[in-house]
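Fold and contact review
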Amino acid sequence: MRATMSRRTEILRRATEVFERQGFAHTPLEDIAKAVGIKREAIYYYFRSKAEILLEIILPQSRSLLISMRTIMRSNIAPMEKLHAAIEAHLDSYNPGYLEMIVALRESHNFKNDDKLTELRRIWRDYSELWVQMIVEGQEAGVFNPKLNAKMVAFGILGMCNWLSRWYDPGKDVGIPEIIETYFTMTAQGIAAPGAATGLTALLDDEKETAPAARP
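In what follows, the accompanying structure is described. (Residues numbered from 1 in each chain as written. Predicted model: local features only at pLDDT ≥ 70, side-chain atom pairs only at ≥ 80, totals over all residues. Heavy atoms only, no water.)

**Looking at the environment of arginine 70**
Looking at the element boundaries, arginine 70 is found in helix H4 (residues 50-74). As a C-alpha pair, arginine 70 and leucine 130 span 60 residues in sequence and 7.4 Å in three-dimensional space. (Helix = DSSP H or I, 4+ residues; strand = E, 2+ residues; numbered from the N terminus.)

Next comes the structure, spelled out in structure tokens:
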């Protein structure tokens, strides 16, 4: 049993690396088998298909994210602290298991109907709803801007965080902790320098005054 689990884990890890490098659609099972050092037919002893391998890569990360977000939402910390904790938990998923997270975010559309896919969709739906709930609670507490659409805000933050899958490289100088603090500051305070907000407000007011009247 130990040998079987070890081989299964190795297949998942090597498949993650190949998917990240080549993409799911352009990765035949032969490439995964070659990376593991086994024949293609041996893959089927552990997995029914390439899609099942990908789901097995994605599900643990997705479950972990949902559990973390539920814990944050059950806590008694202030809304701004929850926001920081949520961003931190999401981005920490890239470190050290960033390869799995990249695959999860890039390849989630490459599935057919499957029980595991149903679970994955439920997890991501619940996870997204918790983010929206967090924003709504912050708005009701008077901490977040109540004029903004809570769903749009939540999805905007998640989109920003998820875009790491397109550019993040752990070998570069920028580390996850710095990215977390940068993203949190951008979300909570914006990018305008102190004192610059007044000029921005004036600019927006001028645009409103000079905007052409709506046609009847």
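**Examining a nonpolar patch on the surface**
A grouping of Trp163, Trp167 and Val174 is seen on the molecular surface, where their side chains present a nonpolar patch of about 330 Å² in accessible area. Along the chain, valine 174 falls in the loop between helix H9 (164-167) and helix H10 (176-189). Judged by relative accessible area, valine 174 falls into the partly exposed class, the value being 33%. (Patch = residues over 30% accessible without salt bridge, like charges linked within 9 Å, V, L, I, M, F, W, Y side chains within 5 Å. Areas by Shrake-Rupley, 256 points an atom, 1.4 Å probe, with all protein chains shown as cover. Salt bridge = Lys/Arg side-chain N within 4 Å of Asp/Glu carboxyl O. Buried < 20%, exposed > 50% of the residue type's maximum accessible area, 1.4 Å probe, protein only.)

**Things to note about the pattern of salt bridges**
In the structure shown here, the tally under the stated rule is 11 salt bridges. Arginine 8 is the salt-bridge partner of glutamate 56, the closest N and O atoms lying 3.5 Å from each other. Note that glutamate 56 is positioned in helix H4 and arginine 8 in helix H1 (residues 2-22), a separation of 48 residues in sequence. Looking at glutamate 56, the relative accessible area reads 18%, which means it is buried.

**Let's talk about the packing of aromatic side chains**
Enumeration according to the criterion identifies 5 aromatic pairs in this entry. By way of ring pairs, the aromatic residues Tyr94, Trp167 and Tyr168 are connected into one cluster. When the ring centre of phenylalanine 24 is taken as origin, the NZ or CZ atom of lysine 50, which lies over that ring, is 4.4 Å away. (Phe/Tyr/Trp six-rings, centres within 6.5 Å; stacked < 30°, edge-to-face > 60°. Lys NZ or Arg CZ within 6 Å of the ring centre and 35° of its normal.)

**Some details on the nonpolar core**
Among the nonpolar cores identified, the biggest contains 58 residues, and Ile53, Ile87, Leu91 and Trp131 are the most heavily contacted of them. Secondary structure elements with two or more residues in this core: H1, helix H2 (29-36), H4, helix H5 (79-92), helix H6 (98-107), helix H7 (115-140), helix H8 (150-162) and H10. Looking at this core, the element that brings in the most residues is H4, giving 11 residues. With sequence-adjacent residues up to four places away left out, isoleucine 53 is seen in contact with Ile11, Leu12, Ala15, Phe19, Leu29, Ile32, Ile43 and Phe47. (Core = buried A, V, L, I, M, F, W, Y, C linked by side-chain atoms within 4.5 Å. Contact = heavy atoms within 4.5 Å.)

**Considerations on H5**
With 14 residues, H5 should reach 20 Å at 1.5 Å per residue; the first-to-last C-alpha distance of 20 Å fits that figure. The complete set of buried residues in H5 reads Lys82, Leu83, His84, Ala85, Ala86, Ile87, His90 and Leu91. Looking at the buried residues of H5, the elements they touch are H4, H6, H7, H8, H9 and H10. (Expected span 1.5 Å × (residues − 1).)

**Overview of the packing of H4 against H6**
Across the interface, H4 lies against H6 with an axial gap of 9 Å and an inter-helix angle of 105°. One finds that H4 runs roughly perpendicular with respect to H6. Where H4 abuts H6, its residues Leu54, Ile57, Ile58, Gln61 and Leu65 lie against Glu100, Met101, Val103, Ala104 and Glu107. Considered class by class, the residues forming the contact of H4 with H6 number 7 nonpolar, 1 polar and 2 charged. (Axes fitted to C-alpha atoms, helices over the stretch in contact; angles between N-to-C directions. Parallel < 35°, antiparallel > 145°, perpendicular 65-115°, else oblique. Nonpolar A, V, L, I, M, F, W, Y, C, P; charged D, E, K, R; others polar.)

**Description of the environment of isoleucine 135**
By the secondary structure assignment, isoleucine 135 is in helix H7. The class for isoleucine 135 is buried, based on a relative accessible area of 3%. Spatially, the C-alpha atoms of isoleucine 135 and asparagine 145 are 9.2 Å apart, while their sequence positions differ by 10 residues. Those residues in contact with isoleucine 135, other than ones at most four positions away along the chain, are Phe144, Ala150, Val153, Ala154 and Ile157.

**Quick word on the packing of H4 against H7**
For the pair H4 and H7, interaxial distance at closest approach is 9 Å and the crossing angle is 25°. Judged by the angle between their axes, H4 and H7 are roughly parallel. In this structure, H4 crosses over H7, and the sense of that crossing is left-handed. (Left-handed = near helix turned anticlockwise from the far one by under 90°.)

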